[in-house]
Amino acid sequence: MAMVPMSGCTLELLDPKGSVGEQEKHLILIALGVMLLVVVPVIVLTLVFFWRYRETNTAATYSPKWSHSTKIEVVVWTIPVIIVVALAVMIWETTHKLDPYRPIEPIATDKPPVRVEVVALNWKWLFIYPDYHVATVNKLVVPVDTPVEFKITAESLMNAFFIPQLGSMVYAMAGMETKLHLIANHTGTYAGMSSAYSGAGFSDMHFKAHVTSQGDFDKWVKEAQAVPDTLDAPTYVKLEQPGTGAPVGIYANVMPGLFDAIVGKYMGPMDGSAQGMRVSGNSAIDDIIAAANCRVDGQLDSRALLAQRPEREAGAQPVAQRALTE
């Protein structure tokens, strides 16, 4: 009876649609099988011992002073040691082979990796395609048989970026940049989610990953580049406001350097050009901070933002600038 309501459930981890997911499924099944080599015999022998040494079985050997058996000691120690060593070797190899930061070799030389910058907002996902200058909300589109290079961060709360049927999960953290490399080998639509609890809107923080043919992907990019909505600093400040049930959105003419500005805006000004760090004079960061500081009761004051522009272009700090933590 319990199987009836569960018949509609799918084990997405065991139904991979990409090479990374397939290797992880293989690893899960091998580790499960190896550990069952201990679990199954223990369960069977437990039942056998219960039956053989029951009180009514007078034919069973009775040894009240028995305390040691070298043969038993050899068995109960040798088998677990062999299993632990085997699992250790396998995990060592696959940990490096399936490192999320490790690039995936393209299947064909004419299919370079697609770069996608991921921002975990509260509570929605922002996907930026820097090579195509478009962005989407709660919708990911990638071509089949093409490596995808993800750069991941968060606006505030920590989340975890996860597409179970494609592979690994990687955390998204504010002020930090993590990476993930995946590839999809089958076209289709797959569930994406945050697998780390991040507050009241966590249950709505999911998206659809659409894997299309190369031709359909190119067509989608052209359509996205033609939409009227643009993603500049004021638009981003409105978008990053907490909210649930965000509809799918598409933006064109994405502000250059937006992802790096999101990563670096919580860092203080500093000398040098280390990647992921805020550098003095970064106009994208300045635009986002200025837009954030022009909010009044959660709404953007466009006139105040325009009034600040000459000051910012001259290098001066606006008067009565509020902290971003507000």
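It should be noted that the structure appears before, not after, this text.
These figures come from a predicted structure and were not determined experimentally.

What counts, and where the lines are drawn
Residues numbered from 1 in each chain as written. Predicted model: local features only at pLDDT ≥ 70, side-chain atom pairs only at ≥ 80, totals over all residues. Heavy atoms only, no water. Helix = DSSP H or I, 4+ residues; strand = E, 2+ residues; numbered from the N terminus. Expected span 1.5 Å × (residues − 1). Contact = heavy atoms within 4.5 Å. Pairing = 2+ DSSP bridges. Buried < 20%, exposed > 50% of the residue type's maximum accessible area, 1.4 Å probe, protein only. Lys, Arg positive; Asp, Glu negative; His and termini not counted. Salt bridge = Lys/Arg side-chain N within 4 Å of Asp/Glu carboxyl O. Core = buried A, V, L, I, M, F, W, Y, C linked by side-chain atoms within 4.5 Å. Axes fitted to C-alpha atoms, helices over the stretch in contact; angles between N-to-C directions. Polar contact = N/O pair within 3.5 Å; in protein donor to acceptor, adjacent residues only side chain to side chain. Bend = angle between axes of the 7 residues up to and from the residue.

Q: So what exactly am I meant to see when it comes to helix α4 (residues 214–225) here?
A: Residues separated by three or four positions in an α-helix point in the same direction, a consequence of the helix having 3.6 residues per turn. Counted at 1.5 Å a residue, the expected span for α4 with its twelve residues is 16 Å, and the 17 Å between its end C-alpha atoms agrees. Its buried side turned inward, α4 meets β1 (114–121), β2 (124–129), β3 (134–137), β4 (139–143), β10 (206–212) and β11 (249–252).

Q: Can you walk me through the pairing of strand β9 (residues 188–194) in this structure?
A: Regular strands place their side chains on alternate faces of the sheet. Relative to β9, strand β6 (residues 159–162) runs antiparallel, the two being bridged by two bridges. Within β9, the residue paired with Phe 161 across the bridge is Ser 194.

Q: In this structure, what is going on with the side chain of Glu 24? I would like to understand it.
A: Positionally, Glu 24 belongs in helix α2 (residues 19–52). Here Glu 24 is buried and forms no salt bridge, its nearest opposite-charge partner Lys 97 lying at an N-O distance of 12 Å. Leave out the neighbours within four places in its chain, and Glu 24 touches Leu 98, Gly 167 and Ser 168.

Q: What exactly am I supposed to notice about the nonpolar core here?
A: Considering soluble globular proteins, one finds that nonpolar side chains tend to be buried as a cluster. Formed by 38 residues in total, the largest nonpolar core has its most connected members in Val 116, Phe 127, Tyr 129, Leu 140, Phe 150 and Phe 161. Not counting residues up to four positions away in its chain, the partners in contact with Phe 127 are Val 116, Glu 117, Val 118, Val 134, Ala 135, Thr 136, Asn 138, Lys 139, Leu 140, Phe 161 and Phe 207. Ranked by size, the runner-up nonpolar core spans 17 residues in total, among them Ala 135, Val 137, Leu 239 and Tyr 251.

Q: I would appreciate a short explanation of the pattern of salt bridges in the present structure.
A: Pairing is possible between side chains of opposite charge, provided their charged atoms come close. Tallying each qualifying case throughout the model produces four salt bridges. For Asp 131, the salt bridge is made with Arg 115, and the minimal N-O distance between the two is 2.6 Å. Taken together, the residues span a long stretch of sequence, with Asp 131 in the loop between β2 and β3 and Arg 115 in strand β1 at a distance of 16 residues. One salt bridge connects Lys 151 with Glu 117, and the closest N-O pair in it is separated by 3.9 Å. Linking Lys 151 in strand β5 (residues 148–154) with Glu 117 in strand β1, this pair joins segments that are 34 residues apart in sequence. On the basis of relative accessible area, Lys 151 is assigned to the buried category, the value being 17%. In the salt-bridge network here, residues are joined through shared partners; they are Glu 117, Lys 151 and Asp 260.

Q: Would you explain the sheet that holds β9 in this entry?
A: Two orientations exist for strands paired in a sheet by backbone hydrogen bonds: parallel and antiparallel. Taking strand neighbours across the sheet as the criterion, the five strands line up as β4-β10-β9-β6-β7 in an open arrangement whose pairing is mixed. The open sheet is flanked by β4 and β7 (170–172), the only strands paired with a single partner. Between one strand axis and the next, the sheet turns through 25 degrees on average, direction left out of account. Along the sheet, α4 makes contact with β4 and β10, crossing β4 at roughly 135 degrees.

Q: I tried to follow the side chain of Ser 194 on my own but got confused; where do I start?
A: Looking at where Ser 194 falls in the secondary structure, it is placed in strand β9. On the basis of relative accessible area, Ser 194 is assigned to the buried category, the value being 4%. Looking at Ser 194, its side chain comes within polar contact range of the side chain of Asn 159, at 2.8 Å. Among the polar contacts made by the side chain of Ser 194, one reaches the main-chain amide nitrogen of Ala 160 at a distance of 3.5 Å. When near neighbours in sequence (up to four residues on either side) are disregarded, Ser 194 contacts Trp 125, Asn 159, Ala 160, Phe 202 and Met 205.

Q: Help me understand the sheet that holds β2 in this model?
A: The strand order β8-β5-β1-β2-β3-β11 describes an open sheet built from six strands, whose pairing is mixed. Each end of this open sheet is capped by a strand with a single partner; those strands are β8 (178–182) and β11. In this sheet, neighbouring strand axes are inclined to one another by 20 degrees on average, regardless of whether the strands run parallel or antiparallel. By the bridge criterion, four bridges tie β2 to β3 in an arrangement that is antiparallel. Residue Ile 128 lies in a different strand from β3, and its bridge partner there is Ala 135. Across the sheet, α4 lies against β1, β2, β3 and β11, angled at about 75 degrees from β11, the strand it touches most.

Q: Would you explain α2 in this entry?
A: The first and last C-alpha atoms of α2 sit 49 Å apart over 34 residues, in line with the 50 Å expected at 1.5 Å per residue. At Leu 36, α2 is bent by approximately 35 degrees, the largest bend along its length. Taken residue by residue, α2 has Val 20, Gly 21, Glu 24, Ala 31 and Val 34 as its buried positions. Residues of α2 that are buried sit in contact with α3 (70–97) and β8.

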